[in-house]
Amino acid sequence: MVLSCSVQKCENKLIKGNGIIFHRLPLHDKELLKKWLKALKIDNCTPTKHYNVCSEHFIEDDYKRSPTGVKLADLLCSAVPSIFSDSSNAKQKPCSLTNKECYEPVCFVPSCKTPKGLPLYNFPFGDKRLLDIWAERTGLSTMYDTELYLTITICKNHFHENCFHDNSIQLKPYAIPSVNLIDYSGPPDSCCLIKSLHSDENSVMTSTGDRTWGWLGSTEEFGRPPEPNEFIVIPKSEIHCEKYAGSNHAAHCFIYAENNERVFDIYNPRASILMQLRYDGYFGFPGGLIDAGEDFVSAVNREMVEEINLNTTIHSVNHDDHIISHWSEKKNLVLHFYKLKVNMTDLIEIERQASLARDYGTEVLGTIRVPLYTLGDHYRGFPVFLNHNFIGCSRDQLIAALTSLNILTPEEIQLALNANSRNI
Ligand SMILES: O=c1[nH]cnc2c1ncn2[C@@H]1O[C@H](COP(=O)(O)OP(=O)(O)O)[C@@H](O)[C@H]1O
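This one's a predicted model, so the numbers in the text were calculated from it and none came from an experiment. (Residues numbered from 1 in each chain as written. Predicted model: local features only at pLDDT ≥ 70, side-chain atom pairs only at ≥ 80, totals over all residues.)

J.: Is there a simple way to explain the overall build of the protein chain in this structure?
T.: Looking only at helices and strands, the protein chain features seven helices and 14 strands. Looking at the 424 residues of the protein chain, the share that counts as buried comes to 33%. Within the protein chain, contacts between residues separated by at least 24 positions form 64% of all contacts whose residues are at least 6 apart in sequence. (Helix = DSSP H or I, 4+ residues; strand = E, 2+ residues; numbered from the N terminus. Buried ≥ 20, exposed ≤ 12 C-beta atoms within 10 Å, placed from the backbone. Contact = placed C-beta atoms within 7 Å.)

So this is what it looks like as structure tokens:
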């Protein structure tokens, strides 16, 4: 039996090349699930993961688009099925995904025109990061339907020669499809995943270097330079709103100590604030993405242990330390910002410990202090610092923290923002 659509009167089946893909009920998101059940008119049934809704029940705008506008196979987090052949009640059909051995052994890449007979390869179901990349590149990614990959295959025609062990048809362990794919237009030799930044084993690199995103591919978009005004401030009362429930969230922290000990007996530093140089060349604050099921505060504390080896039994962030949250609709990303005030002795110890952190030397290339004073030319010092490159909305976060914690006055900040090297 072949995977088919569970919506009543819909006969669509998973058949190679018919362009129809399948989505599971969003069991992980209660509010969204309610909307789906209502739309499908099955709100009196118990939802199960075996209920499949085919792409024919969604409108074009329900799907994500690549930055170049190509329709992707993933639904937007807010998508709800809305197209039904008639208005009669849809009822849950018995689960159709019972015999997984039944798919015809062919290449499931939608665009594949290769005649049958080439070697076929299973999707790397056991490695989520690798699976996501295979799925994205082949245009087969569906948000709720990962078990599907257990049953389908891809042919040799989508792998670059560097993906194979010498003179064999055996794929290297971290091979990824890179040729003859309509959903991937990157370099064909970007065909092996860098195994893991944290792995002790040797990384598998592309033949020409390290151009592949490796497992960073799934979050690569987040780190791209923002457009002007891309990040907007979320009012505190709306942070936990349903609107942001389907977004990715990250939390970062402003660690600081009051410090009035003059530099060169001249410049008053006002405060010592820790930022870090990241692996991608940007400056940012310690912190990171929130894992599934984790709250923002636990996440920022966990990330600070990993990135700067913070002793959270002595210093940790709590809910009251929240400063500001920003949202990027384009990146579907919410960034939460917290403060951690320590004394100068502890700040120096935190700096010292940072070089012993798990991520030091890989994700974090160094901890720095922010110069808040401005030299006599009205440019060197804080204005120069503000002209560096900052990740995400971290420059806005820095300015928000300096203002809200009264470390600098709004006038002083404005002066630094207006300062221009041409006036030196
Ligand atoms: O200091 C920061 N302030 C604001 N946003 C940041 C900062 N650092 C990173 N981001 C944003 O959050 C995303 C994930 O953060 P990060 O790279 O720290 O996560 P990770 O450590 O979990 O990989 C980044 O791609 C970037 O968009």
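Okay, back to it.
J.: What exactly am I supposed to notice about helix 1 (residues 30–40) here?
T.: Each turn of an α-helix holds 3.6 residues, which means side chains three or four residues apart point in the same direction. Among all positions of helix 1, only Trp36, Leu37 and Leu40 are buried. Seen from one end, helix 1 has its buried residues packed into an arc of 95°, which puts them on one side. Helix 1 presents Glu31 and Lys38 as exposed residues on the side facing more than 90 degrees away from its buried surface. Phi turns positive, to about 55°, at lysine 41, one or two residues after helix 1. (Arc of directions from axis to C-beta.)

J.: So what exactly am I meant to see when it comes to the nonpolar core here?
T.: Soluble globular proteins tend to pack their nonpolar side chains together in the buried interior. Membership of the largest hydrophobic core comes to 45 residues, with the highest contact counts inside it found for Cys253, Phe254 and Val300. Elements with a minimum of two residues in this core: strand 8 (248–258), strand 9 (271–278), helix 3 (296–308), strand 12 (322–328), strand 13 (333–341), helix 4 (344–354), helix 5 (382–386) and helix 6 (394–404). Of all the elements, strand 8 adds the most residues to this core, at seven residues. In this structure, Cys112, Phe123, Ile133 and Cys155 belong to the second largest nonpolar core, which totals 23 residues. (Core = buried A, V, L, I, M, F, W, Y, C linked by C-beta atoms within 7 Å.)

J.: Got a minute to help me understand the site of the ligand in this structure?
T.: In the vicinity of the ligand lie 17 residues, with Phe222, Gly284, Gly288, Gly392 and Ser394 positioned nearest. For the shell around the ligand, the secondary structure elements donating two or more residues are strand 8, strand 11 (287–289), strand 13 and helix 6. Of all the elements, strand 11 adds the most residues to the shell around the ligand, at three residues. Residues of the shell around the ligand, tallied by class, amount to eight nonpolar, eight polar and one charged. (Near = placed C-beta within 6 Å. Nonpolar A, V, L, I, M, F, W, Y, C, P; charged D, E, K, R; others polar.)

J.: Hey, could you run me through the pairing of strand 9 in this one?
T.: Side-chain direction in a regular strand flips from residue to residue, so the side chains alternate between the two faces of the sheet. In terms of burial, strand 9 is largely enclosed, as seven of its eight residues are buried. Where strand 9 lies against strand 10 (residues 283–284), two bridges are found, and the strand directions are antiparallel. In the strand pairing of strand 10, leucine 277 is matched with phenylalanine 283. Joining the antiparallel neighbours strand 9 and strand 10 is a turn of four residues, in which glycine 281 adopts a positive phi near 95°. (Pairing = 2+ DSSP bridges.)

J.: Quick question: what am I supposed to make of unusual backbone geometry here?
T.: Negative phi values dominate among residues other than glycine, just as trans dominates among peptide bonds. Phi is positive for asparagine 180, which is not a glycine, with a value near 55°. Tracing the backbone shows asparagine 180 in the loop between strand 6 (153–155) and strand 7 (231–234). The class for asparagine 180 is partly exposed, based on 17 C-beta atoms found within 10 Å. The backbone phi angle of arginine 270 is positive, close to 65°, even though this residue is not glycine. With respect to the helices, strands and loops of the structure, arginine 270 is situated in the loop between strand 8 and strand 9.

J.: Help me understand the confidence of the model for the protein chain, please; the structure alone is not making it clear to me.
T.: Note: predicted coordinates in regions of low pLDDT should not be interpreted at a detailed level. With 80% of its residues at a pLDDT of 70 or more, the protein chain shows a mean pLDDT of 83. Taken together, the stretch residues 87–103 has pLDDT below 50 and engages in 31 contacts with residues farther than four places along the chain or on a different chain. Counting interchain partners and residues more than four positions distant, the pLDDT-below-50 stretch residues 195–209 has 25 contacts. Scored as a whole, the predicted complex attains pTM 0.58, and scored at its interfaces, ipTM 0.97. (pLDDT = per-residue confidence, 0-100.)

J.: Explain helix 3 to me, please; I cannot follow it from the model alone.
T.: Helix length check: helix 3 (13 residues) gives 18 Å between terminal C-alpha atoms against 18 Å at 1.5 Å per residue, within 8%. Every buried residue of helix 3 is listed here: Phe296, Ala299, Val300, Asn301, Glu303, Met304, Glu307 and Ile308. Following helix 3 by one or two positions, asparagine 309 adopts a phi angle in the positive range, close to 60°. (Expected span 1.5 Å × (residues − 1).)

J.: How do you make sense of the environment of alanine 354 when you look at a structure like this?
T.: Mapped onto the elements, alanine 354 comes out in helix 4. Considered as a pair, alanine 354 and valine 305 are 49 residues apart in the sequence and their alpha carbons are 9.0 Å apart. Once residues lying within four places of it in the same chain are set aside, the contact partners of alanine 354 are Ile308, Asn309, Tyr360 and Thr367.

J.: Explain the environment of glutamate 307 to me, please; I cannot follow it from the model alone.
T.: Relative to the elements of secondary structure, glutamate 307 occurs in helix 3. Considering only alpha carbons, one finds glutamate 307 and glycine 287, 20 residues apart in sequence, at a separation of 7.5 Å. Those residues in contact with glutamate 307 that sit more than four places away from it in its chain are Pro286, Ala357, Asp359, Glu363 and Val364.

J.: Honestly, the pairing of strand 8 in this entry has me stumped. Any pointers?
T.: Of all 11 residues in strand 8, nine are buried, a share of seventy percent or more. Alignment of strand 8 against strand 13, held across nine bridges, turns out to be parallel. Paired with histidine 249 across the bridge in strand 13 is valine 334. Across three bridges, strand 8 lies against strand 11 in antiparallel orientation. In the sheet register, alanine 251 faces strand 11, and the bridge partner there is glycine 288.

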